[in-house]
Amino acid sequence: MSTLNKWIVRLSFYLFMLYIYITVSSHNGIYSFLLLNTFLGYIPIEIAMHIDVQKKTPILVILIVLWLLFYPNAPYVITDLFHLAMLDPYNSSTGLMEFNLHLWLKFTNLVTSALGCSLMGFWSLEHVADTILIKFKLWSKTNKILLVSALIVFSSVGIYIGRFLRLHTAYLFIAPKEVVAELIQMWNPRMLVFIGFMTIIQLIFCFSFDITRSSLANNQELLEQNNKQKKQ
């Protein structure tokens, strides 16, 4: 990612979080949690911007570990969409959806946070996977698929931990013994099914990204060929 694009992403998140603070959190609105969740979802994106193959191995490993600990916060924000249930947009007498701009504003806030964190989070996922494989001379299409899939399963576990155990990444540093004890006891069949659901959702995102990127690359190649033919 270019330096310009990095600052565009940063400023976009900063402005959105400032907007949420001024319009929602400062008034103790029902969606005040968006500020914290968006901030936590942004952290792995910022960390990923500092990860590149040119960094010395010890520093790179530290950054990757930090990214790994915070990354589940990015796709986690998708689960905030369940809070859309609190909007109740339907008219009780007609059963039709009302045209209420306040409701649509809340809808926009939730979806913006969920898509912003999850989509940019998937960029960070692919960027970190590529960096690891290139740095340690392991890059191949098969290895990338395996690594990305493993990271997605890991993040799905993290989503479960955050949503149902209510444990944030910071708790690993504040009360590590208690966190480890809960992590050991949390495994059960229902939890594994939930992890499967979250893994499917994230794989669909990644597959869509890959298809989109390939299509755009093909279109760019066709455009360049067309330009060359015109010049001839």
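Everything in this summary refers to the structure shown in the same document. (Residues numbered from 1 in each chain as written. Predicted model: local features only at pLDDT ≥ 70, side-chain atom pairs only at ≥ 80, totals over all residues. Heavy atoms only, no water.)

Considerations on the overall build of the protein
Looking only at helices and strands, the protein has nine helices and zero strands in total. Projected onto the principal axes, the alpha-carbon positions of the protein cover approximately 65 × 55 × 35 Å. Per-residue burial for the protein yields a buried fraction of 35% across its 232 residues. Sequence-distant contacts in the protein: of pairs separated by 6 or more residues, those separated by 24 or more amount to 74%. (Helix = DSSP H or I, 4+ residues; strand = E, 2+ residues; numbered from the N terminus. Buried < 20%, exposed > 50% of the residue type's maximum accessible area, 1.4 Å probe, protein only. Contact = heavy atoms within 4.5 Å.)

Here we look at the packing of helix 1 (residues 3–23) against helix 5 (residues 101–135)
Packing of helix 1 against helix 5 brings their axes to within 12 Å, and their N-to-C directions diverge by 150°. Of the possible angle classes, the one that applies to helix 1 and helix 5 is roughly antiparallel. Considering the relative orientation of helix 1 and helix 5, their crossing is left-handed. Contact residues: helix 1 offers Val 9, Phe 13, Phe 16, Tyr 19 and Ile 20, while helix 5 offers Leu 105, Asn 109, Thr 112, Ser 113, Gly 116, Cys 117 and Met 120. Its residues assigned to classes, the contact of helix 1 with helix 5 comprises eight nonpolar, four polar and no charged. (Axes fitted to C-alpha atoms, helices over the stretch in contact; angles between N-to-C directions. Parallel < 35°, antiparallel > 145°, perpendicular 65-115°, else oblique. Left-handed = near helix turned anticlockwise from the far one by under 90°. Nonpolar A, V, L, I, M, F, W, Y, C, P; charged D, E, K, R; others polar.)

Describing a nonpolar patch on the surface
A cluster of nonpolar side chains, contributed by Trp 7, Leu 11, Tyr 14, Leu 15, Leu 18, Tyr 21 and Ile 22, occupies part of the molecular surface with about 730 Å² of accessible area. Summarising the element assignment, Trp 7 is placed in helix 1. By relative accessible area, which is 45% here, Trp 7 ends up partly exposed. (Patch = residues over 30% accessible without salt bridge, like charges linked within 9 Å, V, L, I, M, F, W, Y side chains within 5 Å. Areas by Shrake-Rupley, 256 points an atom, 1.4 Å probe, with all protein chains shown as cover. Salt bridge = Lys/Arg side-chain N within 4 Å of Asp/Glu carboxyl O.)

Let's talk about the pattern of salt bridges
Within this structure, the stated rule accounts for eight salt bridges. Salt-bridge contacts for Asp 210 lead to Lys 141; the nearest nitrogen and oxygen are separated by 3.9 Å. Within this pair, whereas Asp 210 is found in helix 9 (residues 189–231), its partner Lys 141 is found in helix 6 (residues 141–165), the two being separated by 69 residues in sequence. Judged by its relative accessible area of 27%, Asp 210 is partly exposed. As a salt-bridge pair, Asp 210 and Arg 213 come within 2.9 Å of each other at their nearest N and O atoms. Here Asp 210 pairs with Arg 213, and both are found in helix 9, just three residues apart, close to one helical turn. It is possible to trace a salt-bridge network through shared partners that takes in Glu 126, Asp 130, Lys 141, Lys 144, Asp 210 and Arg 213.

Describing the packing of aromatic side chains
Taken as a whole and judged by the stated rule, the model has 11 aromatic pairs. Consider the rings of Phe 13 and Tyr 42, whose centres lie 5.0 Å apart with planes at 35°: the pair is tilted. With a gap of 29 residues between them, Phe 13 in helix 1 and Tyr 42 in helix 2 (residues 33–49) connect regions that are remote in the sequence. Residue class for Phe 13 comes out buried when judged on its relative accessible area of 8%. Residue Tyr 42 is classed as buried on the basis of its relative accessible area of 4%. Residues Phe 122 and Phe 209 carry aromatic rings whose centres are separated by 6.3 Å and whose planes lie at 75° to one another, so their mutual orientation is edge-to-face. Separated by 87 residues along the polypeptide, Phe 122 in helix 5 and Phe 209 in helix 9 bring together distant segments of the chain. Note on Phe 209: relative accessible area 27%, which makes it partly exposed. (Phe/Tyr/Trp six-rings, centres within 6.5 Å; stacked < 30°, edge-to-face > 60°.)

Some thoughts on the packing of helix 1 against helix 2
As a packed pair, helix 1 and helix 2 sit with axes 10 Å apart at the nearest point and diverge in direction by 165°. If you check the angle between helix 1 and helix 2, you find them roughly antiparallel. As helix 1 packs across helix 2, the resulting crossing turns out to be left-handed. Within the contact between the two elements, helix 1 uses Lys 6, Val 9, Arg 10, Phe 13, Tyr 14, Phe 16, Met 17, Ile 20 and Tyr 21 and helix 2 uses Leu 34, Leu 35, Thr 38, Phe 39, Tyr 42, Ile 45, Glu 46 and Met 49. A breakdown of the residues in the contact of helix 1 with helix 2 according to their chemical character gives 13 nonpolar, one polar and three charged.

A look at unusual backbone geometry
The backbone of Asp 88 sits at a positive phi, close to 50°, despite the residue not being glycine. At Lys 137, a residue that is not glycine, the phi angle is positive and equals roughly 55°. Mapping Lys 137 onto the fold places it in the loop between helix 5 and helix 6. On the basis of relative accessibility, which here comes to 75%, the residue Lys 137 falls in the exposed class.

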